[in-house]
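The residues making up each chain are set out below.
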Amino acid sequence: MKPSPRPAPSSAATTAEFAHTTVLIIDDDPTYRFLLRGLCTKLGIGVIEEADDGARGLEAAQRLNPDMILLDIMMPGINGIEVCRALRAQPETANTAILIQTGAASESERMEGFNAGATDVLTKPLNLAEFTVRVRTHLRNALYTRELTDYRERLATHIEIARGFIEGVMPDIAAAQDCAQRNGFELLTAQRTAEEIGGDIWYLHEIAPGKLLLLLIDASAHGLAGAINALRVDTLLRELRLHHADPKELLLALDNAMAQSPCGRLFAAVTAAILDNNEGAIWYAASGNPYPILYRNNDAQALASGGLPLGSGFVTLELNRIDFDYDDVLVLHTDGWPSQIDVNPAVLIKHVLNTGALNPDALIGSDPINDDITLLTIRRLRPCKSPSSATTTT
């Protein structure tokens, strides 16, 4: 059985479809302007404006920002080709549908119109059925473009708002580096996002003189969703870290809180480390993030790390302790970094530190990435020697 043909849209549907569109007619012939206005009215176009020469047409286009321009080529003063080029040079009309009408039937003159930026070329005298189909098609494309542009603008606004929140919870890098140095450490950081915004965040807090808490969080998802998830984790952490000084207990409490989140499932890879310059030690717990790397005595090794990301409510963790000697370097990173490089991360860290200074930005590189990357390195500094007292000999 043959399927029934789809019925053509009714005139009422067409009228409603184009009720919020604007068409500008630029033609020096009043008869053609009258004809075009009648055809546009029949299509249900909401706003129809006219201009009787090129100069007035350019002014009207700037004022109206129409969805479509019906443009005659042969006009006194500024002809249609010049008007078309001028319209394409303006940001407001660079992508506007421009239908040029010409009485010339030669291919070269039609190509001149396309080369000037015309969306389509119509031949006079107009074939009314063809004119109606082409105008309807280009107006629909204009509406789709408008909807897409509006969506992208709304999305960009939401991303900027989320970026402001992320920047608000992240530490100021210069202030964090000053805090680290004041407590006997050197902190270097690098961060890149796979999309306009990402879900990696980190903190550095002074617990006591010479004692710091370092947190690295990689929330699930990328882009705007990742940023929102990171902010959800941040909200929970801000309360929990006031009651849990132990990295293991902090992450277990966070796992339980994330599992009970009322706004849908929430997962994140988290590393928490306490850096104690007074005792020369690090206590850390990690779940989901790749293993931390410790560089010492010209060698680098991967440290023990946890398994599944936080968020299930059933994560088991160990509290790990390692000695942290002067000039040792601890490297924390999210899982986007190992997938970006083609060597073992510990081998790369060893090579870089054995051959020169550490530069986290260079380690991340500038090639396109598929996942957010955060890299934190912290070195234990040697105490500054007090200057020798000056001795005077007589």
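Note that the structure is predicted; figures quoted are calculated from it, not measured.

Of all 8 residues making up strand 15 (residues 373-380), 7 are buried, and the element is well covered by its neighbours. Relative to strand 15, strand 6 (residues 185-192) runs antiparallel, the two sharing 8 bridges. Bridged to L187 within strand 15 is I378. Pairing geometry for strand 14 (residues 329-333) and strand 15, over 5 bridges, is antiparallel. What sits directly across from L332, in strand 15, is L376.

Take the packing of helix 3 (residues 54-64) against helix 4 (residues 80-89) next. Viewed as axis vectors pointing N to C, helix 3 and helix 4 meet at an angle of 20°, and their least axial separation amounts to 10 Å. Regarding the angle of helix 3 to helix 4, the classification is roughly parallel. Crossing handedness for the pair helix 3 and helix 4: right-handed. From helix 3, G54, L58 and A61 reach across to helix 4, where they touch V83, A86 and L87. Here the contact of helix 3 with helix 4 is composed, by residue class, of 5 nonpolar, 1 polar and no charged.

As a further point, take the nonpolar core. Counting 54 residues, the largest nonpolar core has W202 and L275 as the members making the most contacts within it. Setting aside residues no more than four positions away along its own chain, L275 makes contact with F185, G210, K211, L212, L214, A281, I282, L330 and I378.

Moving on, we come to the sheet that holds strand 4 (residues 97-102). The pairing of strands in a sheet comes from backbone hydrogen bonds and takes either a parallel or an antiparallel form. With parallel pairing, 5 strands are arranged side by side in an open sheet as 2-1-3-4-5. With partners counted over all chains shown, the strands left at the sheet margins are strand 2 (47-51) and strand 5 (120-123), one partner each. Sheet twist, expressed as the mean angle between neighbouring strand axes with direction ignored, is 20°. Bridge analysis of strand 1 (residues 22-26) against strand 3 (residues 68-72) gives 4 bridges, and the strand direction is parallel. The residue bridging I26 from the neighbouring strand is L71, located in strand 3.

Before going further, it helps to spend a moment on unusual backbone geometry. With an omega of -5°, the peptide bond between K124 and P125 qualifies as cis. Looking at the element boundaries, P125 is found in the loop between strand 5 and helix 6 (128-169). The phi angle at N65 is positive, at roughly 50°, despite the residue not being glycine. By the element assignment, N65 lies in the loop between helix 3 and strand 3. Under the relative-accessibility criterion, N65 is labelled partly exposed at 44%. The backbone phi angle of A221 is positive, close to 80°, even though this residue is not glycine. In this structure, A221 sits in the loop between strand 8 (211-219) and helix 8 (223-240). On the accessibility criterion, A221 (38% relative accessible area) is partly exposed.

Take the confidence of the model for the protein next. The pLDDT averaged across the protein works out to 90; a share of 93% of its residues lies at or above 70. Looking over the protein, one finds the lowest element-wise mean pLDDT in helix 1 (residues 11-17), namely 64, and the highest in strand 1, namely 97. This stretch, residues 1-11, has a pLDDT under 50; its non-local contacts, to residues over four places away or in other chains, come to 2 contacts. Here residues 389-394 is modelled with pLDDT under 50, and outside its nearest four sequence neighbours on either side it reaches 0 contacts, counting other chains as well.

The way to describe two aromatic rings as a pair is by their centre distance and the angle between their planes. Summed over the entire model, instances satisfying the criterion amount to 1 aromatic pair. Where F185 meets F324, the ring centres are 6.2 Å apart and the plane angle is 25°; that geometry is what we call stacked. In this pair, F185 sits in strand 6 while F324 sits in the loop between strand 13 (320-323) and strand 14, placing the two residues 139 residues apart along the sequence. In this structure, F185 and F324 share a single accessibility class: buried.

Attention now goes to a nonpolar patch on the surface. Together, L148, Y151 and L155 give the surface a local cluster of nonpolar side chains, amounting to about 280 Å² of exposed area. You can see L155 is positioned in helix 6.

This brings us to the environment of V352. Mapping V352 onto the fold places it in helix 10 (residues 345-355). When the C-alpha atoms of V352 and L363 are compared, they prove to be 8.8 Å apart, with 11 residues separating the residues in sequence. When near neighbours in sequence (up to four residues on either side) are disregarded, V352 contacts A357, L358 and L363.

This part covers the packing of helix 8 against helix 9 (residues 247-259). Where helix 8 meets helix 9, the closest approach of the two axes is 10 Å, and the angle between their N-to-C directions is 135°. With respect to helix 9, the element helix 8 is oriented oblique. For the element pair helix 8 and helix 9, the recorded crossing hand is right-handed. Of helix 9, the residues touching helix 8 (which contributes V233, L236, L237 and L240) are L250, A253, L254, A257 and M258. Grouping the amino acids of the contact of helix 8 with helix 9 by side-chain chemistry returns 9 nonpolar, no polar and no charged.

To continue, consider the pattern of salt bridges. Throughout the structure, instances matching the rule amount to 20 salt bridges. Note that D120 and R134 form a salt bridge whose closest N and O atoms lie 2.8 Å from each other. In this pair, D120 is assigned in strand 5 and R134 in helix 6, connecting sequence segments 14 residues apart. Overall, R134 belongs to the partly exposed group, its relative accessible area being 24%.

What counts, and where the lines are drawn
- Residues numbered from 1 in each chain as written.
- Predicted model: local features only at pLDDT ≥ 70, side-chain atom pairs only at ≥ 80, totals over all residues.
- Heavy atoms only, no water.
- Buried < 20%, exposed > 50% of the residue type's maximum accessible area, 1.4 Å probe, protein only.
- Helix = DSSP H or I, 4+ residues; strand = E, 2+ residues; numbered from the N terminus.
- Pairing = 2+ DSSP bridges.
- Axes fitted to C-alpha atoms, helices over the stretch in contact; angles between N-to-C directions.
- Parallel < 35°, antiparallel > 145°, perpendicular 65-115°, else oblique.
- Left-handed = near helix turned anticlockwise from the far one by under 90°.
- Contact = heavy atoms within 4.5 Å.
- Nonpolar A, V, L, I, M, F, W, Y, C, P; charged D, E, K, R; others polar.
- Core = buried A, V, L, I, M, F, W, Y, C linked by side-chain atoms within 4.5 Å.
- pLDDT = per-residue confidence, 0-100.
- Phe/Tyr/Trp six-rings, centres within 6.5 Å; stacked < 30°, edge-to-face > 60°.
- Patch = residues over 30% accessible without salt bridge, like charges linked within 9 Å, V, L, I, M, F, W, Y side chains within 5 Å.
- Areas by Shrake-Rupley, 256 points an atom, 1.4 Å probe, with all protein chains shown as cover.
- Salt bridge = Lys/Arg side-chain N within 4 Å of Asp/Glu carboxyl O.

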